[in-house]
Amino acid sequence: MISFAVIRQRAEERKGGPAALQALLEKYRPDHDRLRAMPDDRVLADKTRRVFYSGFVQKVIDNKWPGFEAAFSGFDTATLNIAPDDYWHELTSDERIIRNGAKIMSVRTNAAFVRELAKEHGSAGAFFADWPRDDQIGLLDMLSKRGSRLGGRTGQYFLRGIGRDSFVGTIDVLACLRSAGVPLSSSGTTKKDQQMIQQAFNEWAEETGLSFIHLSRISAYSIDAAH
């Protein structure tokens, strides 16, 4: 695998130089202290937003978000965990939200999941902040198994959204990894792929001292997969 210095130089050339690249990176920083203190309702809210983003135009979800907050009782996990079946059935016809039954029911499952994490670890935020950074694939696997509709990039974007130091396997990032010598499959999503991606980011983090967020962003900036 090539040195990350080569990838960074390529990103700098594509984005207008070292200073321009650094400026692009400045607003993307992990914040595990903030994550550790994040209330459980905000963790659930971000899970829900990411689930509804999948397959929809994000702006539509963002514009309707105040309605989501109201319809789902502020994402209070205690309230949602005792809400009867009728509560969830009525949401399928609630015009304040996107009326997708499967995604609505995912909130019910994920509310229980967040509450379980809080009981086990003090808060869901503390759990996500303290999971070992060098095992993101293990965390994503756990999200997929214990949560609802949190597999694939949805889970990755959720972790990024709550401030955890994490990489996202976008098309450009996968193309960068392949060009760096990582022998990913055509999909880049198999278990073996995920292990190789994790190993690559662990090695690059050790080489550079950079966060996974910055490594992921620089990788994406360094290449245009479409061309």
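Residues numbered from 1 in each chain as written. Predicted model: local features only at pLDDT ≥ 70, side-chain atom pairs only at ≥ 80, totals over all residues. Heavy atoms only, no water.

- Naming follows an unreviewed UniProt entry, where the protein appears as 3-methyladenine DNA glycosylase of Rhizobium pisi.

Comments concerning the overall build of the protein
And step 1. Looking only at helices and strands, one finds 14 helices and zero strands in the protein.
And step 2. In terms of C-alpha radius of gyration, the protein reaches 19 Å, essentially the compact-globule figure of 17 Å for 227 residues.
And step 3. Projected onto its principal axes, the C-alpha coordinates of the protein cover approximately 55 × 35 × 35 Å.
And step 4. By residue count, 48% of the 227 residues in the protein fall in the buried class.
And step 5. Expressed as a percentage of contacts within the protein between residues at least 6 apart in sequence, the contacts between residues at least 24 apart total 67%.
And step 6. A distance of 4 Å separates the average location of the 31 positive side-chain charges in the protein from that of its 29 negative side-chain charges. (Helix = DSSP H or I, 4+ residues; strand = E, 2+ residues; numbered from the N terminus. Rg over C-alpha atoms; globule rule 2.2 N^0.38 Å. Buried < 20%, exposed > 50% of the residue type's maximum accessible area, 1.4 Å probe, protein only. Contact = heavy atoms within 4.5 Å. Lys, Arg positive; Asp, Glu negative; His and termini not counted. Charge placed at Lys NZ, Arg CZ, Asp CG, Glu CD.)

Quick word on unusual backbone geometry
And step 1. You will see that Ser 73, though not glycine, has its phi angle at about 55°, which is positive.
And step 2. Topologically, Ser 73 is positioned in the loop between helix H5 (58-71) and helix H6 (77-82).
And step 3. A relative accessible area of 31% places Ser 73 in the partly exposed class.
And step 4. Positioned with a positive phi, Phe 75 is a non-glycine residue whose angle comes to about 60°.
And step 5. Along the polypeptide, Phe 75 turns up in the loop between H5 and H6.

Some details on the environment of Val 114
And step 1. By the secondary structure assignment, Val 114 is in helix H8 (residues 101-121).
And step 2. Overall, the relative accessible area of 0% leaves Val 114 in the buried class.
And step 3. Spatially, the C-alpha atoms of Val 114 and Leu 143 are 11 Å apart, while their sequence positions differ by 29 residues.
And step 4. Leave out the neighbours within four places in its chain, and Val 114 touches Asp 40, Val 43, Leu 44, Lys 47, Thr 77 and Ala 124.

A closer look at the packing of aromatic side chains
And step 1. Counted under the stated rule, the structure contains 15 aromatic pairs.
And step 2. Ring geometry for Trp 65 versus Phe 68: centroids 4.9 Å apart, planes at 15°, classification stacked. Of this pair, Trp 65 and Phe 68 both sit in helix H5, three residues apart, which is roughly one turn of the helix.
And step 3. Taking the relative accessible area as the measure of exposure, Trp 65 reaches 7% and is therefore buried.
And step 4. Between Phe 72 and Trp 88, the aromatic rings sit 6.4 Å apart at their centres with planes inclined by 45°, giving tilted as the arrangement. Of this pair, Phe 72 sits in the loop between H5 and H6 while Trp 88 sits in helix H7 (residues 85-91); the two residues are 16 residues apart in sequence, bridging distant segments of the chain. Accessibility classification places Phe 72 together with Trp 88 in one group, the buried group.
And step 5. A network of ring pairs unites the aromatic residues Phe 52, Trp 65, Phe 68, Phe 72, Phe 75, Tyr 87 and Trp 88 as a single cluster. (Phe/Tyr/Trp six-rings, centres within 6.5 Å; stacked < 30°, edge-to-face > 60°.)

A short note on the domain arrangement of the protein
And step 1. When the domains of the protein are assigned, the result is domain 1 (4-30 + 167-222) and domain 2 (38-132).
And step 2. Each of domain 1 and domain 2 has a C-alpha centre, and the two are 30 Å apart. (Domains from an automatic or database assignment.)

A closer look at the nonpolar core
And step 1. Ranked by internal contacts, the top residues of the largest apolar core, which has 39 residues, are Phe 72, Trp 88 and Phe 128.
And step 2. Going through the elements one at a time, helix H4 (40-53), H5, H7, H8, helix H9 (124-130), helix H10 (136-146) and helix H11 (152-161) are the ones with two or more residues in this core.
And step 3. In this structure, Phe 128 is in contact with Leu 35, Val 43, Lys 47, Leu 117, Leu 139, Leu 143, Phe 158, Leu 159, Ile 162 and Arg 164, ignoring residues within four places of it in sequence.
And step 4. In this structure, Phe 4, Phe 167, Leu 174 and Leu 210 belong to the second largest nonpolar core, which totals 26 residues. (Core = buried A, V, L, I, M, F, W, Y, C linked by side-chain atoms within 4.5 Å.)

So, the packing of H4 against H11
And step 1. Here H4 crosses H11 at 140°, and the two axes come no closer than 9 Å. Judged on the interaxial angle alone, H11 and H4 are oblique. Seen along the crossing, H4 lies across H11 with a hand that is right-handed. Here Val 43, Asp 46, Lys 47, Arg 50 and Val 51 of H4 come into contact with H11, specifically with Thr 154, Tyr 157, Phe 158 and Gly 161.
And step 2. Residue composition of the contact of H4 with H11, by class: four nonpolar, two polar and three charged. (Axes fitted to C-alpha atoms, helices over the stretch in contact; angles between N-to-C directions. Parallel < 35°, antiparallel > 145°, perpendicular 65-115°, else oblique. Left-handed = near helix turned anticlockwise from the far one by under 90°. Nonpolar A, V, L, I, M, F, W, Y, C, P; charged D, E, K, R; others polar.)

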